[in-house]
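Analysis of the macromolecular model
What follows is each chain in one-letter form.
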Amino acid sequence: MRSSRVITAVDSHTEGMPTRVVTGGVGVIPGATMNDKRLHVIEHQDDLRQFLMNEPRGHASMSGALLQPPTREDCDWGIVYIEASGCLPMCGHGTIGAATVLVETGMVEVTEPVTTIRLDTPAGLVIARVAVSEGHADAVTIENVPSFVDRLDAVIDVPGLGEIPYSLAFGGNYYAMVNLDDVGLPFDRARQQEILDAGLAIMAAINEQDAPKHPSIAGLDHCHHVEFIAPGSNAQLSRHAMAIHPGWFDRSPCGTGTSARMAELWARGELALDTDFINESFIGSRFTGRIIAETDVDGMPAVIPTITGRAWVTGMGQYMLDPADPFPTGFVF
Ligand code: PYC
């Protein structure tokens, strides 16, 4: 067997969404901060992301986490998130998957009933509290980065769809929140291509006409996620289809999207502190969110969200590259 590249990883899924947690073979990515490392991967190591996320080793909705030594003294591990579509500043399901793998592989000191892992992410400090019993990671609660509303009840002119009402909030990534009724589509996976097309058209229109820009995270100046809210959703239980650039749906309830949604509901006065908010994905899996504190980001009112979800290890692998392989970075189908 010949190989010019060997990457070791533990694969997991968080409420249906994969996270390939990369434990070896990458080395220390250059960069003084985790966001610098993310930007370095985007500019200089995109072949690594493609190798691990594209077909045939991954697929169109593949997601992963590169474990790194932290750049901050107050953290245990650093993470650079990778996906089929790029490198996110923060990923909730990926953090729950990575924390589960760190516990179940013994890559952190495990204490029961709760193991606390402080994570250095490109978006900032994220604290994972893992509920552990008999060595098993039963559930993970992440304390996310400050989340805030960028605009409430805005309207965007979308070619082919017309004027679409939406709100935009940050929960680690920017999320446009749109009622499915407003694009005339049902909450039905049989109609997923139409929902996806509408989501891609809405994010393109927002990015062309009024792109968001994060005040402190370099390179975060776009909206690549549209959270289509299903009819009947409210501040206790919300169901959604999360359309993601360039063309896939989150299978999990989306941790950063849940954070953005809670920031929106809080800004409307519909969600109080320390109150459970259930967010359900397009496949019916659930995260439980809570707002645990109020804060501000660059003068904007913001909240600190927590998200609780579960992840399961699905395999361990060594991903290899035969020097004769005609697709060294895989392919997108
Ligand atoms: O869980 O934050 C999340 C996420 C982002 C994209 C896919 N999942």
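If you're wondering where the values come from, they're calculated on a predicted model, not measured in any experiment.

Attention now goes to the overall build of the chain. In terms of helices and strands, the chain carries five helices and 17 strands. Here the chain, with 333 residues, has 53% of them falling under the buried criterion. Of the roughly 13,200 Å² that the chain leaves accessible, carbon and sulfur atoms contribute 50%. Computed over 21 positive and 42 negative side-chain charges, the separation of the two mean positions in the chain equals 4 Å.

A few words now on the nonpolar core. Core analysis: the largest hydrophobic core is formed by 71 residues, its most contacted members being I117, V183, I202 and F228. At seven residues, helix α4 (residues 192-210) tops the list of elements feeding residues into this core. Contacts of F228, omitting those with residues within four sequence positions, involve V178, L180, V183, I195, A198, G199, I202, R239, H240, A241 and A243. Counting residues in hydrophobic clusters, the runner-up holds 18 residues, among them V26, I29, L48 and L52.

Let us look at helix α5 (residues 255-267). Spanning 13 residues, α5 covers 18 Å between terminal C-alpha atoms, matching the ideal 18 Å at 1.5 Å per step. A large share of α5 lies buried, amounting to 12 of its 13 residues. G255, T256, G257, T258, S259, A260, R261, M262, A263, E264, L265 and W266 are the residues of α5 that are buried. In the stretch just after α5, G269 is the one whose phi turns positive, near 80°.

Attention now moves to the site of the ligand. By nearness alone, every residue bordering the ligand is listed as E83, L88, C91, G92, H93, Y175, I244, D250, C254, G255 and T256. Within the contact set of the ligand, an oxygen atom lies 2.7 Å away from a backbone nitrogen or oxygen of H93. One nitrogen or oxygen atom from the side chain of T256 is found 2.6 Å from an oxygen atom belonging to the ligand. Out of a free accessible area of 250 Å², the ligand has 100% covered by protein chains. Counting only elements with at least two residues in the shell around the ligand, the list comes to α3 (92-104) and α5.

This part is about the side chain of S167. Within the secondary structure, S167 sits in strand β9 (residues 162-170). Taking the relative accessible area as the measure of exposure, S167 reaches 2% and is therefore buried. Polar side-chain contacts of S167 include one of 3.0 Å to the backbone nitrogen of D153. A polar contact of 3.1 Å, which involves the side chain of S167, links it to the side chain of R268. For S167, the contacting residues outside a window of four places in its chain are R151, L152, D153, Y175, A176, M177, E264 and R268.

So, about a negative patch on the surface. Residues E104, E112, E134 and D138 make up a contiguous surface patch of negative charge. Topologically, E134 is positioned in the loop between β6 (124-133) and β7 (136-143).

On to the side chain of S12, then. Within the element layout of this structure, S12 appears in strand β1 (residues 6-14). Sequence-distant contacts of S12, defined by excluding residues within four places in its chain, comprise M17, P18, T19, V21, G97, V101, W312, V313 and T314.

What follows concerns the pattern of salt bridges. Throughout the structure, instances matching the rule amount to 17 salt bridges. Two residues, D210 and R151, come together in a salt bridge whose shortest N-O distance is 3.4 Å. Taken together, the positions of D210 in helix α4 and R151 in strand β8 (residues 147-158) put the pair 59 residues apart, joining distant regions of the chain. The buried category is assigned to R151, whose relative accessible area is 12%. R191 is the partner of E194 in a salt bridge, and the nearest nitrogen-oxygen pair spans 2.7 Å. Residue E194 is classed as partly exposed on the basis of its relative accessible area, which comes to 35%. Here the salt bridges share partners, and the residues they tie into one network are D153, R261, E264 and R268.

Cut-offs used in this document
- Residues numbered from 1 in each chain as written.
- Predicted model: local features only at pLDDT ≥ 70, side-chain atom pairs only at ≥ 80, totals over all residues.
- Heavy atoms only, no water.
- Helix = DSSP H or I, 4+ residues; strand = E, 2+ residues; numbered from the N terminus.
- Buried < 20%, exposed > 50% of the residue type's maximum accessible area, 1.4 Å probe, protein only.
- Areas by Shrake-Rupley, 256 points an atom, 1.4 Å probe, with all protein chains shown as cover.
- Lys, Arg positive; Asp, Glu negative; His and termini not counted.
- Charge placed at Lys NZ, Arg CZ, Asp CG, Glu CD.
- Core = buried A, V, L, I, M, F, W, Y, C linked by side-chain atoms within 4.5 Å.
- Contact = heavy atoms within 4.5 Å.
- Expected span 1.5 Å × (residues − 1).
- Near = heavy atom within 4 Å.
- Polar contact = N/O pair within 3.5 Å; in protein donor to acceptor, adjacent residues only side chain to side chain.
- Patch = residues over 30% accessible without salt bridge, like charges linked within 9 Å, V, L, I, M, F, W, Y side chains within 5 Å.
- Salt bridge = Lys/Arg side-chain N within 4 Å of Asp/Glu carboxyl O.

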